[in-house]
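What follows is each chain in one-letter form.
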Amino acid sequence: MTRVVLGTLVALSLAWTTPSARAQVRTDTTPRTTGDSALEARTSAVAAQLRCPVCQGLSIQDSPSELAQSMRSLVRDQLAQGKTPEQVKAYFVSKYGEWILLTPAPHGFNLLAYAIPVLIVLGGGFFILLAVRRWTTPASESPSA
Amino acid sequence: MNWRRAGIAAVFVIPVVFVFSRGMKTDPREIPSPLPGNPAPSFALAVFAPGQPPLERPIGDTVRLADLKGRVVVLNFWASWCLACRDEHAGLSEVARGYVGKPVQFVGSLYQDTPSNGTQWIAEMGGQSYPSVNDPKALTAIDYGLYGVPETFFIAADGKIARKITGPAPPQVVRHILDSLIATTGSP
């Protein structure tokens, strides 16, 4: 039983790998910011929710790659033009699909991402409950195998 | 057989098998593009590498997708720092020469690179039959959902993205796609 639970956890952690880029990743550490701190804060908030396409699990806010920097500049430009954060995210989803969102929208197959942690916690609780009952049950009351 | 234990094990194992069965069918490095079937994002980019006669365009000339309606457009994103681009370069250049006189336009788009590097690279590679344009802020690349180079988009005569090839484009595949798109263009 314990092996089954551990095996499941290991398998799930392996399944949760992120795509990597097939080509070389170019990085650019040049800061590209404006003097508008409010715009920068909004840009950072949106950029933190968008996945860098050439990185392993990084947002475009955190990635130093050139593509991420270009995307971040585009986020800033679109916000400066008056688009809402939702509209900016919708633009990137229209180009890269929902993959671009670090937090997947809760529908369809994505629901697994929300359901599995809950199931694991419930399964773990159930397992602990069974184990505790077994440990606390007097030997004379335990069913003979 | 302990059916209770088997049932509990199945509860844990079946979801894992389900997740893996989905994952094994797909390339984990490929980002599925939502673009094929949708109108191609417009672009207007300046030529930095003219190509060769009869496909050449003057340096500085603006290539606009809107001007290419009615033709099948092959938009190839590349960079001089991209090793995989070397693998497809000669083949693509040759295929483009083979479609001279047909309603096909090949356009190379430089990705996160400088025109001087691009020009030097083309010279080192023995030339490029079709023109290449510069995409300075990668805005067109992002508009096409690019996540690496090379990537090649096939835009049908109606302006919609018909196909996308991620990675080096094999010449025979390019010819096959072009022939089918040209046939569709010619049909009423």
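Residues numbered from 1 in each chain as written. Chains lettered and ligands numbered in written order. Predicted model: local features only at pLDDT ≥ 70, side-chain atom pairs only at ≥ 80, totals over all residues. Heavy atoms only, no water.

Caption draft 1: Expanded view of the overall build of chain A. Per the secondary structure count, chain A includes 5 helices and 0 strands. When the helices and strands of chain A are read in sequence order from the N terminus, they spell out α-α-α-α-α. Residues counted as buried form 34% of the 145 residues belonging to chain A. A separation of at least 24 residues holds for 58% of the contacts in chain A among residues at least 6 apart in sequence. (Helix = DSSP H or I, 4+ residues; strand = E, 2+ residues; numbered from the N terminus. Buried < 20%, exposed > 50% of the residue type's maximum accessible area, 1.4 Å probe, protein only. Contact = heavy atoms within 4.5 Å.)

Caption draft 2: Structural view of the packing of helix H5 (residues 111–136) of chain A against helix H1 (residues 3–24) of chain B. In the contact formed by H5 of chain A and H1 of chain B, the axes pass within 13 Å of each other and the chain directions differ by 160°. Here H5 of chain A lies roughly antiparallel to H1 of chain B, going by the angle between them. Note that H5 of chain A runs across H1 of chain B; the crossing there is left-handed. Along its contact with H5 of chain A, which presents Leu-112, Gly-123, Phe-126, Leu-130 and Arg-134 of chain A, the element H1 of chain B presents Arg-4, Arg-5, Ile-8, Phe-12, Phe-18 and Val-19 of chain B. The residue makeup of the contact of H5 of chain A with H1 of chain B, split by class, is 7 nonpolar, 1 polar and 3 charged. (Axes fitted to C-alpha atoms, helices over the stretch in contact; angles between N-to-C directions. Parallel < 35°, antiparallel > 145°, perpendicular 65-115°, else oblique. Left-handed = near helix turned anticlockwise from the far one by under 90°. Nonpolar A, V, L, I, M, F, W, Y, C, P; charged D, E, K, R; others polar.)

Caption draft 3: Spotlight on the packing of helix H2 (residues 37–47) of chain A against helix H3 (residues 66–80) of chain A. All names here are of chain A. For the pair H2 and H3, interaxial distance at closest approach is 9 Å and the crossing angle is 125°. By the angle between their axes, H2 is oblique relative to H3. The handedness of the crossing between H2 and H3 comes out as right-handed. Counting all contacts with H2, which are made through Leu-39, Glu-40, Arg-42, Thr-43, Ser-44, Val-46 and Ala-47, the residues of H3 involved are Arg-72, Val-75, Arg-76, Leu-79 and Ala-80. Per-class residue counts for the contact of H2 with H3 are 6 nonpolar, 2 polar and 4 charged.

Caption draft 4: Layout of a positive patch on the surface. A cluster of basic side chains, namely Arg-133 and Arg-134 of chain A together with Arg-4 and Arg-5 of chain B, defines a positive patch on the protein surface. Put simply, the parts of the chain that give the positive patch at least two residues each are H5 of chain A together with H1 of chain B. Note on Arg-134 of chain A: relative accessible area 59%, which makes it exposed. (Patch = residues over 30% accessible without salt bridge, like charges linked within 9 Å, V, L, I, M, F, W, Y side chains within 5 Å. Areas by Shrake-Rupley, 256 points an atom, 1.4 Å probe, with all protein chains shown as cover. Salt bridge = Lys/Arg side-chain N within 4 Å of Asp/Glu carboxyl O. Lys, Arg positive; Asp, Glu negative; His and termini not counted. Charge placed at Lys NZ, Arg CZ, Asp CG, Glu CD.)

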